[in-house]
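# Structural characterization, general
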Amino acid sequence: MLVSVDVGYGYTKAVADTGRRAWFPSVVAQGPGFGRLASSIGVAGPGHEVTVRQADGTESRFLVGEAALLSNGVRSWDLTSSGRRDYGRLVLSALGVLGVAQPETADVDLALGLPLFAFFQADERRRLQQQLAGQRAWIQVGRDGGGYVHIRDVKVYAQAVGAYVTAAGDGASATQGPVGLIDVGYRTTDYLLLNLTPVGPVPDEARSGSADGGVGTAIEGVARSVSEETGVLVPDSMVESALGASGALMVKGRRYDVRDMMTRELEGLGARLVDQIRRAWDDRLDFLDALFVAGGGGQAMFPQLKALHPSATLLDDPIFANARGFLSLAQSERQA
Ligand SMILES: Nc1ncnc2c1ncn2[C@@H]1O[C@H](COP(=O)(O)OP(=O)(O)OP(=O)(O)O)[C@@H](O)[C@H]1O
Ligand SMILES: [Mg+2]
């Protein structure tokens, strides 16, 4: 089976070649399985409790996704992906949630992505491959029966390239000149300039890269403002939960409209990203044939980003654009 997993700093997105999908916040935490508490009052707890047993017998049990956020888990913030301590556990959890693990071991070929700055370092790509290729594990999610997986092969792609392939598959292949792709995520913004040549699209390395900043940066900004106003240290995860719920956060009996604050933060950040990308694409921007925008942050900041180019388009399904692209890249490599 072929599975693509886009382990973002914010969210893990996974797609199997069967069409099944999974996504959850990229957070792992140790903690009591409060799913048990939730089920005792008759509701399903959010997120997942995952058990992984490695081939050497070591077993670990942890919470993933919303369950981990609620247990005060934090996203691992290491810049190198292979150094991100939770990368492997997030990938195995995604396989578990997708229902890939089987009583008779399932062979899995993985397609993964790295942000551009990491992808351009061959060491980074190799480390990620070595970390996962050949692994055998037993995975159980919640109280399902559990099953075995064997990671047979690992392919590593550049993040924004995945999104580009999705855009091309969605009908962009008719374009002629250079094409721009901007993928704004939770923490990083990848910008990719592709020159279309007779042998296919070739990335312009000098004009492609990653900028710091994404939806998470804006959430941090809101948390900082509320902290400064109240004198109470407000965790980012609390702002994130409030944004996903009523849009308001109560601190010391006072109501803060974090949704409004977030809109202003995103406007400021969007403008800053536009400046940065303008500088990187300086002499090419006017000559782009098309500009595609992907990622959860791309969706949130599209009103600002579209000022870059008259033909800027937000991809359909922008959050899964990379994962879908890695899957089709791996599929076409298999057929070649
Ligand atoms: N399934 C979803 N439904 C609605 N919004 C989502 C979903 N997944 C992510 N988001 C939004 O998108 C934002 C993150 O975007 P995305 O998933 O592209 O980032 P990422 O890939 O995790 O980050 P990075 O590319 O920096 O590693 C989240 O903060 C959230 O606002
Ligand atoms: Mg991303």
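The shown structure was predicted, so the numbers you read here are calculated from the model rather than taken from an experiment.

### Some remarks on the nonpolar core
- With 53 residues, the main nonpolar core has V3, V5, L95, L110, L112 and L132 as its most contacted residues.
- Element by element, the count of residues in this core is highest for helix α3 (residues 87–97), at six residues.
- Among residues more than four places away in sequence, those in contact with V5 are T12, K13, A14, V91, A94, L110, A111, L112, G113 and F326.
- V184, V234, M262 and W281 belong to the second-largest nonpolar core, a separate cluster that totals 37 residues.

### Focus: the site of ligand 1
- Around ligand 1, the surrounding shell holds 16 residues, and the nearest of these are Y9, Y11, K13, Y186 and R187.
- For ligand 1, the accessible surface in isolation is 630 Å², of which the surrounding protein chains cover 80%.
- Of all the elements in the fold, those that place two or more residues in the shell around ligand 1 are β2 (11–16) and α10 (296–300).
- Partitioned by chemical class, the residues of the shell around ligand 1 number six nonpolar, eight polar and two charged.

### Description of the confidence of the model for the protein
- Residues at a pLDDT of 70 or more form 91% of the protein, whose mean pLDDT is 89.
- Element-level pLDDT for the protein is lowest in helix α1 (residues 35–40), with a mean of 56, against a maximum mean of 97 in strand β15 (residues 254–257).

### Focus on the environment of D109
- Within the fold, D109 resides in strand β7 (residues 106–114).
- A C-alpha to C-alpha distance of 40 Å links D109 and E265, two positions 156 residues apart in sequence.
- Polar contacts involving the side chain of D109 include one to the side chain of R152, which spans 3.0 Å.

### Section: the pairing of strand β16 (residues 290–294)
- By the criterion of burial, β16 is predominantly enclosed, with five of the five residues buried.
- Burial along β16 is two-sided: A290, F292 and A294 and L291 and V293, pointing in opposite directions, are all buried.
- Of the pairings in the sheet, the one linking β16 to strand β17 (residues 312–314) comprises three bridges and is parallel in character. Within the sheet, the bridge partner assigned to L291 lies in β17 and is A312.

### Overview of the packing of helix α8 (residues 236–244) against helix α9 (residues 258–281)
- Relative orientation of the contacting elements α8 and α9 amounts to 105 degrees, with a least axis distance of 9 Å. Taken together, α8 and α9 sit at an angle that is classed as roughly perpendicular. Residues V239, A242 and L243 of α8 lie in contact with α9, whose contacting residues are V258, R259 and M262.
- For the contact of α8 with α9, the per-class residue count stands at five nonpolar, no polar and one charged.

### Some details on the side chain of S4
- Position of S4 relative to the elements: it lies in strand β1 (residues 2–7).
- Look at S4 and you get buried, because its relative accessible area is 0%.
- Here the side chain of S4 touches A323 through a polar contact of 2.6 Å, landing on its backbone oxygen.
- Setting aside anything within four residues of it in sequence, one finds S4 in contact with K13, A14, V15, A111, A323, F326 and L327.

### Considering unusual backbone geometry
- Positive phi, normally seen in glycine, also occurs at K252, with a value near 50 degrees.
- With respect to the helices, strands and loops of the structure, K252 is situated in the loop between β14 (248–251) and β15.
- Classification of K252 by relative accessible area gives exposed; the value is 70%.
- The backbone of D317 sits at a positive phi, close to 55 degrees, despite the residue not being glycine.
- Among the structural elements, D317 can be located in the loop between β17 and α12 (321–335).

Cut-offs and rules
- Residues numbered from 1 in each chain as written.
- Chains lettered and ligands numbered in written order.
- Predicted model: local features only at pLDDT ≥ 70, side-chain atom pairs only at ≥ 80, totals over all residues.
- Heavy atoms only, no water.
- Core = buried A, V, L, I, M, F, W, Y, C linked by side-chain atoms within 4.5 Å.
- Buried < 20%, exposed > 50% of the residue type's maximum accessible area, 1.4 Å probe, protein only.
- Helix = DSSP H or I, 4+ residues; strand = E, 2+ residues; numbered from the N terminus.
- Contact = heavy atoms within 4.5 Å.
- Near = heavy atom within 4 Å.
- Areas by Shrake-Rupley, 256 points an atom, 1.4 Å probe, with all protein chains shown as cover.
- Nonpolar A, V, L, I, M, F, W, Y, C, P; charged D, E, K, R; others polar.
- pLDDT = per-residue confidence, 0-100.
- Polar contact = N/O pair within 3.5 Å; in protein donor to acceptor, adjacent residues only side chain to side chain.
- Pairing = 2+ DSSP bridges.
- Axes fitted to C-alpha atoms, helices over the stretch in contact; angles between N-to-C directions.
- Parallel < 35°, antiparallel > 145°, perpendicular 65-115°, else oblique.

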